[in-house]
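# Notes for the structure review
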Amino acid sequence: MTWSEMQPLLEQACTETLVMVGWSTLIAVVGGLPLGILLVLTDKGGLLQNTVVNKVIGQIVNVGRSLPFIILMVALMNFTRWVTGTTIGSEAAIVPLAIGGIPFFARLVETAVREVDHGLVEAVQAMGGNTWTIVRKVLVPESLPSLIASTTTTVIALIGYSAMAGTVGGGGLGDLAVRYGYQRFETGLMWITVAILAVVISLIQFAGDFAARALHRRGARSGPGPKLRLLKGGEPATAEVGKVA
């Protein structure tokens, strides 16, 4: 197969992979972020301590993470058909990718949020901050570098999942490698696909690491804690959370 024959196939496969990973990452972040924060808030000693809720959410997340992606795709075929009208193609692959990505990202969020200094939380509580204020002003901003790193890890994992989706007609680079590289013995095309995936993953990892380091340095320069504007006794009061020894 010549390069002129490979090029349109590679362009289409790259576009399909980009669409699959992009949409599934967005859904995984939107669904996994509140789920991970809720795991922290409802845990023992958390702001919304509730053992039953925490155990239920934890078990759901554990089950979602324990299923191999290829089995998850098969198990969700009826649901995927109900949502998209088909079980084949990149559009259909977004459904299992997103559902598989939510519990994966939720656990990473949980780990990132637990790293936040509890002294900052106590300081905001002392100034009258409620749970929503603590989440919005402390937990998320203080864990943002780790959340960026977690998002990077999730994107890379979803790229791997999308390649597996190609083995069952999900489209993208995985589908191209299987149909042409394996079934039609186009070894050159398969290795080009492998090289593209390696380069893309390396670039995503570099960009994620750079963003996380930049946010960490920015946070270190701006001081040890966030500035909060809280309403106390009906009057606005500006306070700064200082460093907790």
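Before going further, it helps to spend a moment on the packing of helix α1 (residues 3–41) against helix α5 (residues 90–114). Put simply, α1 and α5 touch, their axes get as near as 5 Å, and they point 35 degrees apart. At the point where α1 passes α5, the crossing takes the right-handed sense. For the contact of α1 with α5, the residue count by class is 20 nonpolar, six polar and four charged.

Quantified by volume, the second largest pocket comes out at close to 230 Å³. Every residue lining the second largest pocket is counted, 13 residues in all, and those nearest its centre are Val40, Gly46, His118, Val121 and Leu139. Mapped by element, the contributors of at least two residues to the lining of the second largest pocket are α1, α5 and α6 (118–126). Class assignment of the residues belonging to the lining of the second largest pocket gives a composition of seven nonpolar, three polar and three charged.

On to the nonpolar core. The biggest cluster of nonpolar side chains holds 22 residues, and the ones touching the most others in it are Phe69, Leu97, Leu176 and Leu189. If you tally residues by element for this core, the top one is α1, at six residues. If you look at the next biggest cluster of nonpolar residues, it comprises 16 residues, including Phe105, Ile134, Val135 and Leu139.

Under the criterion given, the structure shown has one cavity of 30 Å³ or more. Of the pockets and cavities examined, the largest cavity occupies roughly 80 Å³. Lining the largest cavity we find Met73, Met77, Thr80, Thr87, Gly89, Ala92, Ala93, Pro96, Val168 and Gly170. When contributions to the lining of the largest cavity are tallied by element, the ones reaching two or more residues are α4 (77–84) and α5. Sorting elements by how many residues they give to the lining of the largest cavity places α5 first, with three residues. The residue makeup of the lining of the largest cavity, split by class, is six nonpolar, four polar and no charged.

Now for the packing of α1 against helix α2 (residues 51–66). In the contact formed by α1 and α2, the axes pass within 9 Å of each other and the chain directions differ by 135 degrees. In this view, α1 runs oblique relative to α2, as classed from their interaxial angle. In this structure, the crossing between α1 and α2 has a hand that is left-handed. Of α2, the residues touching α1 (which contributes Leu35, Leu38 and Leu39) are Asn54, Ile57, Gly58 and Val61.

The rules behind the values
- Here the residue index of a chain counts from 1 through its sequence in written order.
- A pLDDT threshold of at least 70 governs which residues receive local features in this predicted model, and a stricter bar of 80 or more applies before side-chain atom pairs are shown or counted, although totals over entire chains, interfaces and linings include all residues.
- Hydrogen atoms and water are omitted, and side-chain values are computed over all heavy atoms in the structure.
- Here, axes are lines fitted to C-alpha atoms. For helices the fit covers the stretch in contact, and angles between N-to-C directions go from 0 to 180 degrees.
- Strands here are runs of E lasting at least two residues and helices are runs of H or I lasting at least four, both read from the DSSP assignment and numbered beginning at the N terminus.
- Should the near helix be turned anticlockwise from the far one by less than a right angle, the crossing is termed left-handed; should it be turned clockwise, right-handed.
- Note that Gly is not counted as nonpolar here; it falls among the polar residues with everything else outside the nonpolar set of Ala, Val, Leu, Ile, Met, Phe, Trp, Tyr, Cys and Pro and the charged set of Asp, Glu, Lys and Arg.
- In the cavity and pocket records, a cavity denotes points on a 1 Å grid over the protein atoms alone where a 1.4 Å probe fits but cannot get out, a pocket denotes an open set with protein on both sides within 12 Å along at least 5 of 7 lines, and lining residues are residues with an atom within 4 Å of a point.
- Grid points are joined across faces, edges and corners, and a volume is the space filled by probe spheres set on the points.
- Definition of nonpolar core: a set of buried residues of the types Ala, Val, Leu, Ile, Met, Phe, Trp, Tyr and Cys, connected through side-chain atoms within 4.5 Å.
- Throughout this description, buried means an accessible area under 20% of the type-specific maximum (1.4 Å probe, protein chains only), exposed means over 50%, and partly exposed covers the range between.
- Roughly parallel covers angles under 35 degrees, roughly antiparallel covers those over 145, roughly perpendicular covers 65 to 115, and oblique covers all other angles.
- Contacts between residues were defined by any pair of non-hydrogen atoms, one from each residue, lying within 4.5 Å.

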